[in-house]
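# Coordinates in review
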Amino acid sequence: MPLVRIDHSESRTNPHEIADAIHRAIIEVYGIPERDRFQVLTARPAETIIAEDAGLGFERTDPVVIQIFTQRGRSDAQKQRLYATIAERLEPAGVAPSDVFIGYV
């Protein structure tokens, strides 16, 4: 039962598409039931989200900040696959991979 918090700028017009893409990635990678869905979506003024490149060499233009809270037991490989799958699923929703920021707790 992961709890997922999704913060995005008010300029994003498709927050439910973004939430659906994240949920589909979690289902695919972790094999959770489809109705095991707990998400909190928050639209914020763009200036309230600060996500710089941290020396990675790319610029974020309109970050989507995702926090995933779940129980222990997932391997580093599973987590890395989840991160990649989320970024992949968000591209059709208009979120560039460089704009995806994931915190995992």
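Residues numbered from 1 in each chain as written. Predicted model: local features only at pLDDT ≥ 70, side-chain atom pairs only at ≥ 80, totals over all residues. Heavy atoms only, no water.

### Some points on the pairing of strand 4 (residues 100–104)
Heads up, the rule is: Pairing between two strands requires that DSSP report at least two bridges joining them. Strands are runs of DSSP state E lasting at least two residues, helices are runs of H or I lasting at least four, and both sets are numbered from the N terminus onward. The handedness rule is simple: strands pointing away from the viewer, and a clockwise path from the first strand over the helix to the second, make the crossover right-handed.
Across 5 bridges, strand 3 (residues 64–69) lies against strand 4 in parallel orientation. Residue pairing in the sheet places Val 64 in a bridge with Val 100 of strand 4. Chirality of the crossover, the property in question, places the unit of strand 3, helix 2 (residues 76–90) and strand 4 among those that are right-handed.

### Points about the nonpolar core
Stated formally: Note on terminology: a nonpolar core comprises buried Ala, Val, Leu, Ile, Met, Phe, Trp, Tyr and Cys residues joined through side-chain atoms within 4.5 Å. Throughout this description, buried means an accessible area under 20% of the type-specific maximum (1.4 Å probe, protein chains only), exposed means over 50%, and partly exposed covers the range between. Contacts were defined at the residue level, with two residues in contact if any of their heavy atoms lie within 4.5 Å.
Ile 18, Ile 22, Ile 66, Leu 82, Ile 86 and Leu 90 are the most contacted members of the largest nonpolar core, which totals 20 residues. Mapped by element, the contributors of at least two residues to this core are strand 1 (3–9), helix 1 (15–30), strand 3 and helix 2. Those residues within four positions of Leu 90 in sequence are excluded, and the remaining contacts are Ile 18, Ala 21, Ile 22, Ile 66, Val 95 and Val 100.

### Points about helix 2
Going by this rule: Multiplying one less than the number of residues by 1.5 Å gives the expected span of a helix.
The end-to-end C-alpha distance of helix 2 is 21 Å, a good match for the 21 Å that 15 residues give at a rise of 1.5 Å each. The set of residues buried in helix 2 consists of Lys 79, Leu 82, Thr 85, Ile 86, Ala 87 and Leu 90.

### Quick look at a nonpolar patch on the surface
Note the cut-off: Each patch is built from residues lacking any salt bridge and having more than 30% relative accessible area; the joining distance is 9 Å for like charges and 5 Å for nonpolar side chains (Val, Leu, Ile, Met, Phe, Trp, Tyr). The protein chains shown are the only cover counted for residues, whose accessible areas, like all others here, come from Shrake-Rupley with a 1.4 Å probe. Put simply, a salt bridge is a Lys or Arg side-chain nitrogen that is within 4 Å of an Asp or Glu carboxyl oxygen.
Together, Met 1, Leu 3, Phe 38 and Val 40 make up an exposed nonpolar region whose accessible area comes to about 330 Å². Checked against the element boundaries, Met 1 lands in the segment before strand 1. Take Met 1: its relative accessible area is 54%, and that puts it in the exposed class.

### Quick look at the sheet that holds strand 4
Put simply, the rule reads: Here an axis means a line fitted to C-alpha atoms, over the contact stretch when the element is a helix, while the angle between two N-to-C directions is reported on a 0 to 180 degree scale.
Read from one edge of the open sheet, 4 strands run 2-1-3-4, paired in mixed fashion. The open sheet is flanked by strand 2 (38–44) and strand 4, the only strands paired with a single partner. Each strand axis lies, on average, 15 degrees off the axis of its neighbour in the sheet, ignoring direction.

### A closer look at the packing of aromatic side chains
The line we're drawing: Any two of the Phe, Tyr and Trp rings considered here, Trp counted by its six-membered ring, make a pair once their centres fall within 6.5 Å; the pair's planes then place it as stacked at under 30 degrees, edge-to-face at over 60, or tilted in between. To sit over a ring, a charge needs its Lys NZ or Arg CZ within 6 Å of the ring centre and within 35 degrees of the ring normal.
Per the counting criterion, the structure on display carries 1 aromatic pair. Ring geometry for Tyr 83 against Tyr 104: centres 6.2 Å apart, planes inclined by 70 degrees, an arrangement best described as edge-to-face. Taken as a pair, Tyr 83 in helix 2 and Tyr 104 in strand 4 lie far apart in primary sequence, 21 residues in all. You can call Tyr 83 partly exposed: its relative accessible area is 30%. Sitting over the ring of Tyr 30, Arg 74 keeps its end group 4.0 Å from the ring centre.

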